[in-house]
Amino acid sequence: MNTIDICKDYELQAGKYIEAFIRNINNYRTGRASPDLLNGIKIKYNNKIASIRQLASITLESTKSVIITAFDNSLLPIINKSIIAANLGLSSYLETNLVRILFPDLSETYRNKLVKLVQNEAEKVRVIIRNTRRMFNNKLKDLFKKKLFSKDNMEALQIKIQSITDCFIKKVNSIAICKEAEVLNR
């Protein structure tokens, strides 16, 4: 295993954690309409489980509402029931050929709770990234013990991995700050 592979493997692994972090916090309702909030809702259709996106188009109508237009109008009542059952705090209305979802304003208490959730998620990701760094550093030490790397190479790679870690931690912090601002924005 060469030095470039080790650094690339570490970047790929840490990058996956950040992508998962972004997906997780995008599911938090911020008071603004967001089709991403509906991603986790699954619907049973023809004895199969499908996401809303597979069965309908989702359109942002305004900052407070989303419209769902099913590819098959017979699915609209099922989609509406699934949204209500998801208990996301949204108001869902079944109309003739669409489902309209209204995003009510958030209370100050709920906003503060969301900020804490974002901070907790960010801290979990930072810990995972640091643990991954530790795992890669241990791998480097093992390669050094097996005399596949010189001590200078090992130390240089550890410095490189630390700089990558610092970059990813800054990215997590930046994402968390942006999400917190979005949540607190009225």
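No experiment lies behind these values; they were computed from the predicted model shown.

(A) Summary view of the nonpolar core. Counting 29 residues, the largest nonpolar core has Ile6, Phe21, Ile129, Leu140 and Val172 as the members making the most contacts within it. Elements that contribute at least two residues to this core include exactly α1 (3-26), α4 (108-145) and α5 (151-184). At 10 residues, the largest contribution of residues to this core is made by α5. Apart from residues lying up to four places away in sequence, Ile129 is in contact with Tyr10, Ala14, Tyr17, Ile18, Thr165, Phe168, Ile169 and Val172. Membership of the second largest hydrophobic core comes to 21 residues, among which are Leu38, Ile41, Ala50 and Ile52.

(B) Representation of the packing of aromatic side chains. Applying the stated criterion across every chain yields a total of 1 aromatic pair. On the numbers, 5.3 Å between centres and 65° between planes, the contact of Tyr10 with Phe136 is edge-to-face. Remark: Phe136 occurs in helix α4 and Tyr10 occurs in helix α1; sequence separation between them is 126 residues. In this structure, Tyr10 and Phe136 share a single accessibility class: buried.

(C) A look at unusual backbone geometry. Within the chain, Asn47 stands out as a residue other than glycine whose phi angle is a positive 60°. Tracing the chain through its elements places Asn47 in the loop between β1 (42-45) and β2 (48-51). Unusually for a residue other than glycine, Lys147 sits at a positive phi of about 65°. Examined against the element boundaries, Lys147 turns out to sit in the loop between α4 and α5. When its relative accessible area of 75% is taken as the criterion, Lys147 is described as exposed.

Conventions adopted
Residues numbered from 1 in each chain as written. Predicted model: local features only at pLDDT ≥ 70, side-chain atom pairs only at ≥ 80, totals over all residues. Heavy atoms only, no water. Core = buried A, V, L, I, M, F, W, Y, C linked by side-chain atoms within 4.5 Å. Buried < 20%, exposed > 50% of the residue type's maximum accessible area, 1.4 Å probe, protein only. Helix = DSSP H or I, 4+ residues; strand = E, 2+ residues; numbered from the N terminus. Contact = heavy atoms within 4.5 Å. Phe/Tyr/Trp six-rings, centres within 6.5 Å; stacked < 30°, edge-to-face > 60°.

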